[in-house]
Structure formats: C-alpha cells, structure tokens
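Here is how the chains run, residue by residue.
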Amino acid sequence: LAEQNRALDLKRVCLDFVANNLSEVMATDGFTHMSHSCPHLQAEVLRAVADLKNNAKQAEAEEEEDTAAPAAAAAAAAAATTTRRDDDRSNYAQTDRRVRQRRS
C-alpha cells in the first residue's frame, strides 16, 4: 500500500517493521501476496534486513570502543602511578645515600 501510494515515510517504517519481524511477517498471507504482486519489494526487504544487521554490528563495535577506552585509561593511569612511585623511591634512596655519605 505504501509503495502503491508513494508514501515514502510509511514505506520506510513498514520496511523497518518487516526487517525486525521477518520470520513472523513471512508466515503471513500478506507477505505471499506482496511477493507475487510486487516482487521488487523483496530486494528492498532484504536491504532493510542487511541495514538492520549492519547497524547492530556498528552499535556493538561502538559500545566495545566505549568500554575499552576507560579500561585503557585506567591501565595507563595505574602504570603512571607505579612509575611515579618507583621514581619517588629511587629519589629517596639517592637522597638517603647522599646524607649517609656526608655523615661519614
């Protein structure tokens, strides 16, 4: 119906719905009728399903990046703290040696 009336927004919403509910939609008489009366729409349905999967993969990758960044920052901060602590100990040891040498 959206295709026949050139209702592009409605068509997009319908394709999104079909992509999200493909198994259930394919089991209906309406899908069978559409396949026979408008076979070119099957390619658009497949494109909508592919877009849905690609968007899901992209969102997953972005989520992994979002969780990886704080972990990497925390590891870097821990390494910097350890380095500073080691530097402080080394400076303390050098100062302690100098003081002992002066006393001798």
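Calculation notes
Residues numbered from 1 in each chain as written. Predicted model: local features only at pLDDT ≥ 70, side-chain atom pairs only at ≥ 80, totals over all residues. Heavy atoms only, no water. pLDDT = per-residue confidence, 0-100. Helix = DSSP H or I, 4+ residues; strand = E, 2+ residues; numbered from the N terminus. Patch = residues over 30% accessible without salt bridge, like charges linked within 9 Å, V, L, I, M, F, W, Y side chains within 5 Å. Areas by Shrake-Rupley, 256 points an atom, 1.4 Å probe, with all protein chains shown as cover. Salt bridge = Lys/Arg side-chain N within 4 Å of Asp/Glu carboxyl O. Lys, Arg positive; Asp, Glu negative; His and termini not counted. Charge placed at Lys NZ, Arg CZ, Asp CG, Glu CD. Buried < 20%, exposed > 50% of the residue type's maximum accessible area, 1.4 Å probe, protein only.

Caption draft 1: Layout of the confidence of the model for the protein chain. On average, residues of the protein chain carry a pLDDT of 78, and 82% of them reach 70 or more. Ranking the elements of the protein chain by mean pLDDT puts helix α4 (residues 40-103) last with 75 and helix α2 (residues 22-26) first with 89.

Caption draft 2: A negative patch on the surface, seen in detail. Together, Glu60, Glu62, Glu63, Glu64 and Glu65 make up a negatively charged patch on the protein surface. Relative to the helices and strands, Glu62 resides in helix α4.

Caption draft 3: Highlighting the pattern of salt bridges. Overall, the coordinates contain two salt bridges when judged by the stated rule. One salt bridge connects Arg12 with Asp16, and the closest N-O pair in it is separated by 3.9 Å. Placement of the pair is Arg12 and Asp16 together in helix α1 (residues 8-20), with a separation of four residues, close to one helical turn. Owing to a relative accessible area of 46%, Arg12 belongs among the partly exposed residues under this scheme. Classification of Asp16 as partly exposed rests on a relative accessible area of 37%.

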